[in-house]
Amino acid sequence: MIKPRWVLLMASVGAMLFLYAPVFLLIIFSFNASPMSVRWEGLSFQWYLQLLGDHALFEATQNSLLIALTSTVCAVIMGTGAAMVLERRAVRGVRFLNAALVLPLVIPEILMGVSLLLFFVMIQVPLGLITVMIGHIAFNLPLVILVIRMRLRKLDPLLEEAARDLGASAWQTFRWVTLPLLRPAIIGSALMAFTISLDDFVVTFFTAGPGATTLPLKVFSMIKTGITPEINALSAVLVMVSMALIGLALILQGKPIRQKIEGSYQG
Amino acid sequence: MVMFGISFATRGIYGGVEWIFSWNNYIRLADPLYGNIYLRSFLFAGLTTLMCLVLGFPLAYAIARAPQRWQPLLFILVLIPFWTNFLVRTYAWFFILRADGLINSMFMGMGVISEPLEILYTDLAVFIGLVYGYLPFMVVPLVIVIERIPRTLEEAAKDLYATAWSTVWRVILPLSKPGIIGGCVLVFIPTLGAFITPYLLGGGRSMLLGTLIQQEFLVIRDWPFGAAISFVLMGMVLLALLVTRKHAEMVGPS
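Residues numbered from 1 in each chain as written. Chains lettered and ligands numbered in written order. Predicted model: local features only at pLDDT ≥ 70, side-chain atom pairs only at ≥ 80, totals over all residues. Heavy atoms only, no water.

It is worth spelling out the overall build of chain A at this point. Counting its secondary structure elements, chain A contains twelve helices and zero strands. Pairs at least 24 apart in sequence give 70% of the contacts found in chain A among residues at least 6 apart. Surface summary for chain A: the accessible area is close to 13,500 Å², and the carbon and sulfur share equals 70%. (Helix = DSSP H or I, 4+ residues; strand = E, 2+ residues; numbered from the N terminus. Contact = heavy atoms within 4.5 Å. Areas by Shrake-Rupley, 256 points an atom, 1.4 Å probe, with all protein chains shown as cover.)

For the rest of this paragraph, the subject is a nonpolar patch on the surface. A cluster of nonpolar side chains, namely Trp6(A), Leu9(A), Val13(A) and Leu17(A), defines an oily patch on the protein surface of about 420 Å² accessible area. Of note, Trp6(A) is situated in helix α1 (residues 4-29). (Patch = residues over 30% accessible without salt bridge, like charges linked within 9 Å, V, L, I, M, F, W, Y side chains within 5 Å. Salt bridge = Lys/Arg side-chain N within 4 Å of Asp/Glu carboxyl O.)

Right, let's get into the pattern of salt bridges. Counted by the stated rule, this structure contains five salt bridges over all chains. Where Arg88(A) meets Glu160(A), a salt bridge forms, and the shortest distance between an N and an O atom there is 3.0 Å. Residue Arg88(A) is located in helix α3 (residues 55-88), and its partner Glu160(A) is located in helix α7 (residues 157-165); the two are separated by 72 residues in the primary sequence. For Arg88(A), a relative accessible area of 29% corresponds to the partly exposed category. Residue Glu160(A) is classed as buried on the basis of its relative accessible area, which comes to 13%. Its salt-bridge partner being Asp123(B), residue Arg40(B) comes within 3.2 Å of it at the nearest N-O pair. Pair noted here: Arg40(B) is in helix α3 (residues 32-64) and Asp123(B) is in helix α7 (residues 123-148), with a separation of 83 residues, a long-range link. (Buried < 20%, exposed > 50% of the residue type's maximum accessible area, 1.4 Å probe, protein only.)

We now examine the interface of chain B and chain A. Chain B puts 75 residues into the contact, and the matching count from chain A is 66 residues. Around 6,800 Å² of area is buried between chain B and chain A when both sides are counted, 83% of it from carbon and sulfur atoms. Taken together, the connections running from chain B to chain A amount to five residue pairs in polar contact (both at pLDDT 80 or more). If you tally residues by element for the side of chain B that touches chain A, the top one is helix α4 (residues 71-83) of chain B, at ten residues. By residue class, the composition of the side of chain B that touches chain A is 59 nonpolar, twelve polar and four charged. (Buried area = accessible area lost by both parts, 1.4 Å probe. Polar contact = N/O pair within 3.5 Å; in protein donor to acceptor, adjacent residues only side chain to side chain. Nonpolar A, V, L, I, M, F, W, Y, C, P; charged D, E, K, R; others polar.)

Moving on, we get to the environment of Glu115(B). Positionally, Glu115(B) belongs in the loop between α6 (102-110) and α7. Note: C-alpha distance between Glu115(B) and Ala99(B) (16 residues apart in sequence) is 9.2 Å.

Reported here for the second largest pocket is a volume of approximately 1,000 Å³. Looking at the second largest pocket, it is lined by 31 residues, and the ones nearest its centre are Pro4(A), Arg5(A), Leu8(A), Tyr61(B) and Ala62(B). Of all the secondary structure elements, the ones that give two or more residues to the lining of the second largest pocket are α1 of chain A together with α3, α8 (151-159) and α9 (164-175) of chain B. Here the element with the most residues in the lining of the second largest pocket is α1(A); it accounts for ten residues. For the lining of the second largest pocket, the class distribution of residues is 23 nonpolar, two polar and six charged. (1 Å grid on protein atoms, 1.4 Å probe; cavity = no way out; pocket = protein on both sides within 12 Å on 5 of 7 lines; lining within 4 Å. Points joined across faces, edges and corners; volume = space filled by probe spheres on them.)

What follows concerns the packing of helix α4 (residues 94-106) of chain A against helix α6 (residues 129-154) of chain A. Residues and elements named next belong to chain A. Running from N to C, α4 and α6 cross one another at 120°; their axes reach a closest spacing of 9 Å. Relative to α6, the element α4 is oriented oblique. Helix-helix and strand crossings are classified by hand; for α4 and α6 the assignment is left-handed. Contacts between α4 and α6 pair Asn98, Leu101, Pro104 and Leu105 from the former with Pro142, Leu143, Ile145, Leu146 and Arg149 from the latter. (Axes fitted to C-alpha atoms, helices over the stretch in contact; angles between N-to-C directions. Parallel < 35°, antiparallel > 145°, perpendicular 65-115°, else oblique. Left-handed = near helix turned anticlockwise from the far one by under 90°.)

Turning our eyes to something else, we now look at helix α5 (residues 86-97) of chain B. The periodicity of an α-helix, 3.6 residues per turn, causes residues three or four positions apart to be oriented the same way. Residue and element names in this part refer to chain B. Its twelve residues place the ends of α5 17 Å apart at the C-alpha level, agreeing with the 16 Å of an ideal helix rising 1.5 Å per residue. Of all twelve residues in α5, eleven are buried, a share of seventy percent or more. Three or more residues of α5 are buried, namely Leu87, Val88, Arg89, Thr90, Tyr91, Ala92, Trp93, Phe94, Phe95, Ile96 and Leu97. Measuring from the backbone nitrogen of Leu87 back to the side-chain oxygen at the start of α5 gives 2.8 Å, which picks out Asn85 as the cap. (Expected span 1.5 Å × (residues − 1).)

This part takes up the packing of aromatic side chains. Counted under the stated rule, the structure contains 20 aromatic pairs over all chains. The ring of Trp176(A) carries Arg175(A) above its face, with NZ or CZ at 4.2 Å from the centroid. (Phe/Tyr/Trp six-rings, centres within 6.5 Å; stacked < 30°, edge-to-face > 60°. Lys NZ or Arg CZ within 6 Å of the ring centre and 35° of its normal.)

As a further point, take the side chain of Glu154(B). Tracing the sequence through the fold places Glu154(B) in helix α8. Discounting chain neighbours no more than four positions away, the residues touching Glu154(B) are Tyr61(B), Arg65(B), Thr167(B) and Ile172(B).

Let us now look at the confidence of the model for chain A. Of the residues in chain A, 89% reach a pLDDT of 70 or more, and the chain-wide mean stands at 81. Taken as a whole, residues 263-267 of chain A scores under 50 in pLDDT and shows 13 contacts with residues more than four places along the chain or in a different chain. (pLDDT = per-residue confidence, 0-100.)

Turning next to the packing of α9(B) against helix α10 (residues 177-192) of chain B. Residues and elements named next belong to chain B. Across the interface, α9 lies against α10 with an axial gap of 4 Å and an inter-helix angle of 60°. Here α9 is positioned oblique relative to α10, judged by the angle of their axes. Contact residues: α9 offers Leu173, Pro174 and Leu175, while α10 offers Lys177, Pro178 and Ile180. Residues belonging to the contact of α9 with α10 are distributed by class as follows: five nonpolar, no polar and one charged.

The subject of this paragraph is the confidence of the model for chain B. When pLDDT drops low, the exact placement of atoms in the prediction is not to be read closely. Residues and elements named next belong to chain B. The predicted model of chain B has a mean per-residue pLDDT of 78, with 84% of residues at 70 or higher. Taken element by element, chain B is modelled with least confidence in helix α1 (residues 2-13), mean pLDDT 46, and with most confidence in α7, mean pLDDT 90. This model gives residues 1-16 a pLDDT under 50, and the stretch forms 37 contacts once residues within four places in sequence are excluded.

So, about the state of the cysteines. Counting across every chain of the model gives zero disulfides over all chains. Cysteine Cys52(B) remains unbridged, with the sulfur of Cys184(B) as its closest cysteine sulfur at 8.8 Å. (Disulfide = S-S within 2.5 Å.)

All right, on to the environment of Leu198(A) then. Residue and element names in this part refer to chain A. In this structure, Leu198 sits in helix α8 (residues 170-199). Measuring from C-alpha to C-alpha, the distance between Leu198 and Ser242 comes to 9.8 Å, with 44 residues separating the pair along the chain. Discounting chain neighbours no more than four positions away, the residues touching Leu198 are Ser64, Leu65, Ala68 and Pro216.

Residue and element names in this part refer to chain B. Counting through the fold element by element, Glu216 comes out in helix α12 (residues 209-219). Considered as a pair, Glu216 and Ile229 are 13 residues apart in the sequence and their alpha carbons are 9.1 Å apart. With sequence-adjacent residues up to four places away left out, Glu216 is seen in contact with Tyr34, Arg221, Asp222, Trp223, Phe225, Gly226 and Ile229.

Right, here's the structure in full:
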């Protein structure tokens, strides 16, 4: 009989391979000189050079970064405020608000995209960069609120009370006591919001109008319209960039990795 | 703000563009054509969830019981796909499955087949893509739960002459129930409304709820009907959440 340990090991290695092999193959073949087939015809950087010369791609990247940056900043500011109010004030209908805030995190993305589309059409806002930004704020906001609320709940309320007793105004207390304590949660949620926004396709797809092509939209149309090796290179770049970002985030946080992950997973 | 958007989706149903109240859209939904798509989506989501569980459980168990030194690294390896662009990950399969893709060239090179197999743009491709896309959602909650099961329990089972298999089957599996349920919800719900995978890997031939909604909205432009479909999907999601809520809470914020 085969030892259970081996079965377990094989199964895990198999699952890991399943998870990683496709993306790695894609990266390897993005350096392939041959334009179409999977036959290896030598190392080449030509597709990468082609990427550099693609003006539309440059524009899409710009849009993506702009949208990600704006929506992250807005979501973090609004989210911190909302989290403070929800945690520190007695708000009527908290239960309803809680449910309303969890809902966007669990429903399939397409519902979010469709609702936003209907909403924008109904209030007659032309679709464009602005609507995409609002859409991204909409899905990032609940996430930011969640992360910051969890952090707020762990803070000792005595610290804030002590500040007030020592004569600090409400604003001073927030600025000099609460905010510094919240910093890890704020940075963490901002990084999450930024990456999610940068990667988002579904919501963008439904809320984008002419002139608001983002990087994922560009990738999508490239996949749809025909396979050019250029997209292999682009995909490889995107994968490597996101891996680099994760590495950077983990190093910046400097916290035990495990803790960080469990924190971010709660989203 | 988000709820605003959602409430508008529901309102759109009652007449949408023309603002005439009617149940017609819901009556149309009962059409076997659409019923079929609901059923297919359910089936796809269910099978994907099951497959993710089968593939994910051993991996989660192995990670949870890995030597302390390796654990964080292994855990991160499962998480990286979360931050990798979903489109790119789906495209990677394009590359493998298409007629002149990796699998076909490999098999033809070995002389196993003479004609390329048609895998891309079939249900099989969609299924593979879905499992691949949502596997991490299953593994992460499982690892967190299994890790909290004290190792001593396994040792006790062994002392009582349980084989390795029965230890897993009768000790670990029941104790990781909250993780299993949590993981299943996390896989089932997004796959129910999945759009990218069936659209790209199914090539329009594999119609699921996500692609149907997209079509109603962006191609046919029958918004009230699209809203009706979305609303029913929403109802299904909420139902799934309610059913599993009690258990799912145990995996949530600890």
